[in-house]
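Structural overview
Chain residues, written in single-letter form:
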Amino acid sequence: MAAPVVIKKEKVDDPRPSASADAGEGQTEAEIERRMIELMGEFPKGINDKILETDMPNVDKKIKVAILNRLLSQEKVNIFRAAVTKELFWCLKQQPTSKLKGVDSEEKIVMRIIEEAGNKGIWNRDIRTKSSLNQTTLNKILKALEGKKLIKSVSSVSAAKKKVYMLFNLQPDRSVTGGSWYSDNEFESELVDVLNQQCYRILQQKAEGAKQKPLEGPLIVRNASFLSSKEICQIISDLKIVKFNLTVEDIETILDTLVYDGKIEMSATTDGYSDGQVKTYRTVEKLLSSAGIVRIPCGVCPVIKMCGTVGAVQPKNCVYYDQWLD
Amino acid sequence: MAGRGRGRGQNVSFNIEQLGFGRGEAVPVSVTQPPPLFPTLENRPLPLIKDVEYEYILVTQKDLNTRMRNSSFHLNTAIEIQEIQQIHNPSYEKELPVLWNRMPTELKKSIAKKLGIEKLKTVKSGKKKKIEDPDKIFAKLEKKEIVESEGEGMCDGKEDEDEKEKSDDEKVEVEDDIEEEIDEEMDEGTDYASNYFDNGEGYLDEDDNLDEGEAQF
Amino acid sequence: MPPFTLGHFSQVCCQLLNHYFGEIVGQVGAYLLRRGHRPLFDIPCATGLSIAEVKKALAVMIQHNLVKFEASERNNNIAEYSIIHHNVYCLLRYPKYLYMIKRIYGTSEEILLEILLNLGQASASNVIFQSANRLKEANDPSALHQSFLKLAQDNFIIRCPKLADNANMQKVPTLVVEEKEKFTVPHLEIGPIAKLLKENATQLGEHSDSEVIWRVNHERFDVELRNVILVNAAARRVDSTAGELYHLILKLWRECSNPDSPTTNALSFNVIKDAVRKNEGSSPVLLEHFEQYLRVLYEDTSSLITKVGDAGGGQFILNYSIVFENLACATLDSIVLERFGSKALRLFRLTRIQKFMEQDQMQNIAMIPAKEAKMFTYKLLEHNFLQIKELKKGTSNFAPVKSFILFHVDLPQVARTALEASYKGLFNAMVRQMHDLTDNKRLLDKHARLETLLESLRGEGLPEDELAYLSDSMTAAEKSLVARIHSMNDHLTLGQTQADDTILILESYLKFSSMT
């Protein structure tokens, strides 16, 4: 007996909710997106799953994920993982991206190149090489970007006329500004000289103090004359001669100049506490008070090469000898 | 010509700007004389150290100077000897207190210790003397030979020398002028032939003189 | 012969010869300085002097150890004469020698040395005799004999080479050095000397040791002069007690080492300690802190003492080349400082310590503004304190090759330049001194004659008012001028002596650095 075949109509699944389709409590995707961005604005440090759950509990997780992914690809938001909890957070991407909306692609390229140069900045010509743009175009772009306060130019200390470009908010690196000893790209030699003298005086005082106890023996006296660069830095900072913070490295460059003056010597020892070496300094006396030859005029004479037994410059008519013998 | 370079370059006959000076920049002051021969000294010499040692040295140096100058070793030139003779002692003589036995004999040959005044005489009347009587010369030569051979026999101590000298003085005084001439013509004890022709061995013989070849002023 | 064709050192030598021995000796000396080994007959025609004058000059110079002779290779009846450069230069140092002897020993030794310097070469008896004569009342020949022994023992005087056995048959006597007897004083007969002195004799006459001839030992005095500089350096570096210790150690080193070697032999800690304890003059401070002082000295960067081992508590030597390199650097530093200023000094020391530097590095590390740094670098280069080395970089055949300019300090070269300049300065001071004296010769002579006259008359008891009257034959203006000339003369003498200190250091550095 043949039974009649009954073809059942399958129930078709609901199609995936489209952007305009109702979801949850009747919110559109655009509305959800907007709300997310609002939240991210309220929590500039980022929102996580929990916040989203609290705010829009009825929204399907899949929808949230989709929206977030779209925002990511549009580069409107950033995603990061918290260090401790390893949770995922989303936050709004910073100004430049949003502001970049009004900027065209060439400018974007230039911006990226400048951004990559970090706080050392990059020279006009190098931008040209990397972007392969021509000079006039580039200059126009740079001017525009500067106008928008996205980038700035900083004159480099190595060449007064050379300018490097970097992102507006960045602090220029020491190699550009010259470090603590440069202000407005000018080397502050007076400051250096003052610090030089000051450091020397500090070390001299230490040595004097050490000599007050000769009964303990010369070795003790010598060892008591040393000061480390850290200690010297502290003393100088306490004197408040300079307005900015002097680092130990700064002081060490000054102390090096004193070593090269022949007034102090350095001895590097390893400190039990910190890694690496501790540099200590003390004053030293020169081996001679002065060379004998500089006590006669010939030793400092500027025209000695012309001097002879015949000619205009001779010992017998030498003006310097006349002055010296007076 | 006069019209060009108005305003800025009124005194010059050309346009200052052509030389590369922008308007308003100072023209370097023209140098009208050579730099001073003795420019002012920026760094004066350090003061001399005057301590006990140097005081002593000053005194000693002066003392030494006087002694050396008055010693027999200080050889006076002809003019100086003449002066001294005029001022001090007409029979001024100096013996040379040298250890002759330690020296090459060629240095001992001239027994005439006095130079200067005798030479001066020679120079003055040299020409005349040359035309002297040959017999006289011969006699003097003989005498000289005797004196010399006696001289060669002396090997030690300057005392002998001195004594000899005092007795020979008279002879020597007379013979001196001739002796000088003979000395100059004949180097006793030297091989005339081998010395006349210098075979050039000593030409670049300056190994000892290290100071040559440096910058001379 | 005009002196301007000689190098500066030779010019100084000529001046000294002229000054002490007269122009004739000066001219003969100049000729030999210029020409080296020369036989007798070359000299008169070259100098325009008579042969008798030349012979005398040579005799004087040989007597004073300034010239040596050798039989000529071509003909050993003639001698070839040559200058002993160092000895001529040391004429300048005679007052320093006397000061050192006086300070180390006393007056008798000082007189002995002075007599020996005056005579050039002499036998011991003769020196003692003449010294006794000089001392007049206080003469005691046996005490002088002892003093003579001391000088010989410490090697300040040395025996001249003796005549070879057949010397009196040679035209040019050969002289033989007796190595073992160099400082041995032969037996002297003091008795006859004392007798002659009582008789107020002026000449010694025959004596037993008349063939044993002595002269001053320049090398030993050089060592002493160097030691003074070293001890002063130690005292400056640490303190005077350290100087005292160092002085003692130098003495120990000298006793155990060869004077010609660039480093001393090693002394052990215990030996030094013993010596310090036994030394009568050791100060209490030194005795108490001896170990510390030694340690401070050998740890000092000046290398005054170098530790070479640990045996016996520590082994210590003195390495002359290192120490004198440091002293030479200190000298050059002083010259650069006084000539060009402290910024230039910093650049000079920086380049010297770091060996090779580029201009940019120099101005950065030295922290001197670029413009100033470049100016000083140029000045140092111009005066030969810095040297340039160019390194070419890049191998491309097309583009121009980039080259690095590196600055460095070639220390021996800089030292040589400074030494030449010092000789020149010394010579100039001498010329100026001579010039001032000859210009005012008449006045000075007049003053000297007046003074001697006044002295002798005062001795004869002439009343003061008459002396004053005589003294007025020279006006006050003249007298003050004479005083001024004397003071200028003193200034120049001191200047020369102090310039000599620099010369000693630089010469020693060059000598020791060429040994290693």
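If you're wondering where the values come from, they're calculated on a predicted model, not measured in any experiment.

1. Focus: the overall build of chain C
The helix and strand inventory of chain C stands at 23 helices and 13 strands. Each principal axis of the C-alpha distribution contributes one length, and for chain C these read about 90 × 65 × 60 Å. Evaluated residue by residue, chain C yields a buried proportion of 56% over its 516 residues. Long-range contacts, defined as pairs at least 24 residues apart, comprise 63% of the intrachain contacts of chain C with a sequence gap of at least 6. For chain C, the exposed area adds up to about 22200 Å²; of that, 52% sits on carbon and sulfur atoms. Across chain C, the centroid of the 57 positively charged side chains sits 7 Å from that of the 60 negatively charged ones.

2. Notes on unusual backbone geometry
Phi angles above zero are rare outside glycine, and K149 of chain A is one such case at about 60 degrees. Tracing the chain through its elements places K149 of chain A in the loop between α7 (135-147) and β5 (151-155). Its identity is not glycine, yet K355 of chain C carries a phi of approximately 75 degrees, on the positive side. With respect to the element layout, K355 of chain C can be found in the loop between α17 (342-354) and α18 (359-366).

3. Description of the domain arrangement of chain C
Interface size is commonly expressed as the accessible area that is lost once the parts come together. Residues and elements named next belong to chain C. One can read the domain layout of chain C as domain 1 (3-85), domain 2 (105-216), domain 3 (221-318), domain 4 (323-393 + 402-409) and domain 5 (415-515). A separation of 27 Å is found between the C-alpha centroids of domain 1 and domain 5. Listed as interface residues are 7 residues of domain 1 and, on the opposing side, 9 residues of domain 5. Summed over both partners, the interface of domain 1 with domain 5 buries about 830 Å², with 78% contributed by carbon and sulfur atoms. Counting the surface domain 1 buries against domain 5, the share from its top three residues, H8, V12 and Q15, is 61%.

4. What to know about helix α5 (residues 105-116) of chain A
Residues and elements named next belong to chain A. Relative to the 16 Å expected for 12 residues at 1.5 Å per residue, α5 spans 17 Å between its end C-alpha atoms, a close match to the ideal helical length. Buried within α5 we find E107, V110, M111, I113 and I114. End-on view of α5: buried residues confined to an arc of 160 degrees, all on one side of the axis. Opposite the packed face of α5, turned more than 90 degrees from it, sit the exposed residues S105, R112 and E116. Close packing links the buried residues of α5 with β4 (122-123), α6 (124-131), α7, β5 and β6 (163-167). Trailing α5 by a residue or two, G118 shows a phi angle of about 60 degrees, which is positive.

5. Regarding the packing of aromatic side chains
Residue and element names in this part refer to chain C. Taken as a whole and assessed by the stated rule, the structure comprises 20 aromatic pairs over all chains. Geometrically, the ring pair formed by Y94 and Y97 is tilted, given 6.0 Å between the ring centres and 40 degrees between the ring planes. Linking Y94 with Y97, this pair stays in helix α6 (residues 94-104), spanning 3 residues, or about one helical turn. For the pair formed by Y94 and Y97, the shared burial category is buried. Ring pairs connect the aromatic residues Y94, Y97, Y105, F156 and F221, which therefore count as one cluster.

6. Focus: a nonpolar patch on the surface
Residue and element names in this part refer to chain A. Together, V194, I235, L239 and I241 give the surface a local cluster of nonpolar side chains, amounting to about 280 Å² of exposed area. Along the chain, the position of L239 falls in helix α11 (residues 229-239). In this structure L239 comes out as partly exposed when scored by relative accessible area, which is 44%.

7. Quick look at the side chain of S257 of chain C
Residue and element names in this part refer to chain C. As for its position among the elements, S257 is in the loop between α12 (240-256) and β9 (267-268). S257 sits in the buried class, given a relative accessible area of 15%. Here the side chain of S257 touches W253 through a polar contact of 2.8 Å, landing on its backbone oxygen. Engagement of the side chain of S257 in a polar contact is seen with the backbone nitrogen of N265, the distance being 2.9 Å. Look past the residues within four positions of S257 in its chain and what remains in contact with it is T264 and N265.

How each quantity is defined
- Residues numbered from 1 in each chain as written.
- Chains lettered and ligands numbered in written order.
- Predicted model: local features only at pLDDT ≥ 70, side-chain atom pairs only at ≥ 80, totals over all residues.
- Heavy atoms only, no water.
- Helix = DSSP H or I, 4+ residues; strand = E, 2+ residues; numbered from the N terminus.
- Buried < 20%, exposed > 50% of the residue type's maximum accessible area, 1.4 Å probe, protein only.
- Contact = heavy atoms within 4.5 Å.
- Areas by Shrake-Rupley, 256 points an atom, 1.4 Å probe, with all protein chains shown as cover.
- Lys, Arg positive; Asp, Glu negative; His and termini not counted.
- Charge placed at Lys NZ, Arg CZ, Asp CG, Glu CD.
- Domains from an automatic or database assignment.
- Buried area = accessible area lost by both parts, 1.4 Å probe.
- Expected span 1.5 Å × (residues − 1).
- Arc of directions from axis to C-beta.
- Phe/Tyr/Trp six-rings, centres within 6.5 Å; stacked < 30°, edge-to-face > 60°.
- Patch = residues over 30% accessible without salt bridge, like charges linked within 9 Å, V, L, I, M, F, W, Y side chains within 5 Å.
- Salt bridge = Lys/Arg side-chain N within 4 Å of Asp/Glu carboxyl O.
- Polar contact = N/O pair within 3.5 Å; in protein donor to acceptor, adjacent residues only side chain to side chain.

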